[in-house]
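Single-letter residue listing:
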Amino acid sequence: MSWIEALILGLVQGLSEYLPISSSGHLEIASVLLGTQSEENLTFAVVVHAATVLSTIVVLWKEVEVLFKSLFSFKWDEQTKYILKIIISMIPVGIVGVFFKDSIESLFGSGLFVVGICLMITAALLAFAYFAQPRKKENISYWDAFIIGIAQAIAVLPGLSRSGSTIATGILLGDKKEEVAKFSFLMVIVPILGESLLDLIKGVSSTATVTTIPVLSLIVGFFAAFISGTLACKWMLKIVKNGKLVYFAIYCAVVGAFALIYSMR
């Protein structure tokens with residue numbers, strides 16, 4: 001992989017991880033168009049995912065700092081309850097990631113056809129969340145956290161947006177847009193790192209290539225994903241607050257149609 005390809009894929013990863021357009025789906029499309037197999041190189045995947053997690057921590061540092069201080073204060077307060085909600089939200093994706101991810105991927109497959117179908121589903125979900133008018137709640141409940149976690153677990157398929165699925169689900173449950181956006185970004189930190197670790201362990205235990213990418217490409221990919229991820233995370237918080245998700249629904253529908261047509265060539 002050249003540094004230019006790493007730059008492009010890093011930008012794609014950073015932007016699409018937080019915008020509701022599916023990072024896995026866009027990486028699949030970009031890899032096909034570039035003629036690379038970057039999604040199979042575990043080192044690059046771990047590096048860019050680490051970069052996007054770091055961008056989340058930077059953007060939401062105040063929230064993260066408060067949660068960490070509360071965690072080690074051993075007090076049962078609102079921040080501790082929030083941490084518990086994040087933990088509850090991670091249960092579904094943890095179960096799916098550890099026990100069923102390979103089965104799901106083998107059942108539904110991958111490739112541009114699957115990406116196209118899943119992007120269409122993402123578009124429909126975003127549009128439905130935009131036009132729905134549920135009764136508003138003051139806080140995200142424990143039950144809401146679990147349901148949002150289920151949405152994240154379902155989004156393991158390429159083309160189903162993790163952020164789009166979780167944010168749209170929270171909005172449909174009646175949670176405040178800006179609050180559910182922050183919750184969505186915070187709840188994915190551990191699952192993203194855990195998924196990368198599981199893939200790395202699986203790759204090391206098999207014959208997968210782990211360290212074939214030049215160091216320069218890894219560095220370029222990291223900073224591209226970090227910078228674009230930081231910008232996308234900030235942008236997404238404003239977009240959700242202003243209720244502009246319908247534009248991403250249109251985008252996902254267009255890109256999904258492109259992926260379907262391209263897969264049938």
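That block above? That's the structure.
Residue positions are given per chain, counted from 1 along the sequence in the order it is written. Thresholds applied to this predicted model are a pLDDT of at least 70 for local features of residues and 80 or more for the giving and counting of side-chain atom pairs; totals over whole chains, interfaces and linings are not thresholded and use all residues. Side-chain numbers come from the whole structure's heavy atoms, not from hydrogens or water.

**Section: the packing of helix α1 (residues 3-18) against helix α2 (residues 23-34)**
Argument step 1. Working convention: axes come from line fits to C-alpha atoms, limited for helices to the stretch in contact. Angles between N-to-C directions cover 0 to 180 degrees. Going along the chain from the N terminus, every DSSP run of H or I of four or more residues is numbered as a helix, and every run of E of two or more is numbered as a strand. Direction vectors running N to C along α1 and α2 enclose 160 degrees, while the axes themselves pass 8 Å from each other. In terms of their interaxial angle, α1 and α2 are classed as roughly antiparallel. Crossing angle aside, the handedness with which α1 passes α2 is right-handed. Packed against α1, whose contacting residues are E5, I8, L9, V12, Q13, S16 and E17, the element α2 presents S23, H26, L27, A30, S31 and L34 at the interface.
Argument step 2. Across the contact of α1 with α2, the residue classes tally to six nonpolar, five polar and two charged. Working rule for angles: under 35 degrees goes down as roughly parallel, over 145 as roughly antiparallel, 65 to 115 as roughly perpendicular, anything else as oblique. The crossing is said to be left-handed when, going from far helix to near helix, the turn is anticlockwise and less than a right angle, and right-handed when the turn is clockwise. Residues are treated as being in contact if the distance between any of their heavy atoms lies within 4.5 Å. Amino acid classes used here: Ala, Val, Leu, Ile, Met, Phe, Trp, Tyr, Cys and Pro are nonpolar; Asp, Glu, Lys and Arg are charged; the rest, including Gly, are polar.

**Details of the environment of V156**
Argument step 1. Structurally, V156 can be placed in the loop between α7 (142-154) and α8 (162-172).
Argument step 2. As a C-alpha pair, V156 and G97 span 59 residues in sequence and 8.3 Å in three-dimensional space.

**A short note on a nonpolar patch on the surface**
Argument step 1. Candidate patch residues must exceed 30% relative accessible area and have no salt bridge, after which like charges are joined if within 9 Å and Val, Leu, Ile, Met, Phe, Trp or Tyr side chains if within 5 Å. Working definition of accessibility: Shrake-Rupley area with a 1.4 Å probe, residue cover restricted to the visible protein chains. Within this document, salt bridges are pairs made up of a side-chain nitrogen of Lys or Arg and a carboxyl oxygen of Asp or Glu, the two lying within 4 Å of each other. Side chains of W3, I4, L7, I8, L11, L15, L34 and L216 sit close together on the surface and give an oily, nonpolar patch of about 650 Å² of accessible area.
Argument step 2. Per-element accounting of the nonpolar patch gives the leading share, six residues, to α1.
Argument step 3. Within the secondary structure, I4 sits in helix α1.
Argument step 4. In this scheme, a residue with accessible area under 20% of its type's maximum is buried, one over 50% is exposed, and one in between is partly exposed, where area comes from a 1.4 Å probe on protein chains only. When its relative accessible area of 45% is taken as the criterion, I4 is described as partly exposed.

**Some words on the environment of S228**
Argument step 1. On the secondary structure map, S228 appears in helix α11 (residues 215-242).
Argument step 2. In this structure, the C-alpha to C-alpha distance between S228 and E17, residues 211 residues apart in sequence, is 9.6 Å.
Argument step 3. With residues up to four places along the chain from it excluded, the contact list for S228 reads G10, L11, G14 and L15.
Argument step 4. At 3.5 Å, the side chain of S228 forms a polar contact with the backbone oxygen of L11. Polar contacts, as used here, are pairs of N or O atoms within 3.5 Å; protein pairs need one atom able to donate a hydrogen and one able to accept it. Residues neighboring in sequence count only if both atoms are side-chain atoms.

**Some points on unusual backbone geometry**
Argument step 1. For S22, which is not a glycine, the phi torsion comes out positive at approximately 75 degrees.
Argument step 2. Considering the arrangement of structural elements, one finds S22 in the loop between α1 and α2.
Argument step 3. Exposure remark for S22: the relative accessible area of 1% places this residue in the buried category.

**Side note on the packing of aromatic side chains**
Argument step 1. Any two rings among Phe, Tyr and Trp, with Trp reduced to its six-membered ring, count as a pair given centres within 6.5 Å; such a pair is stacked if its planes are under 30 degrees apart, edge-to-face if over 60, and tilted if neither. Counted according to the given criterion, the structure contains seven aromatic pairs.
Argument step 2. The interplanar angle of 40 degrees and the centroid separation of 5.6 Å between the aromatic rings of F258 and Y262 together place this pair among those described as tilted. Of this pair, F258 and Y262 both sit in helix α12 (residues 245-263), four residues apart, roughly one helical turn.
Argument step 3. Of the residues examined, F258 reaches a relative accessible area of 36% and is grouped as partly exposed.
Argument step 4. Only when the NZ of Lys or the CZ of Arg is both within 6 Å of the ring centre and within 35 degrees of the ring normal is a charge said to sit over the ring. Sitting over the ring of Y142, K85 keeps its end group 5.4 Å from the ring centre.

**What about the pattern of salt bridges?**
Argument step 1. Summed over the entire model, instances satisfying the criterion amount to five salt bridges.
Argument step 2. Between E17 and R162 there is a salt bridge; the shortest N-O distance is 3.5 Å. Of the two residues, E17 sits in helix α1 while R162 sits in helix α8, which places them 145 residues apart along the sequence. Of the two residues examined, E17 and R162, each falls in the buried class.

**Observations regarding the side chain of E17**
Argument step 1. For E17, a relative accessible area of 5% puts it in the buried group.
Argument step 2. Within the structure, the side chain of E17 is placed 2.9 Å from the side chain of Q13, a separation counted as a polar contact.

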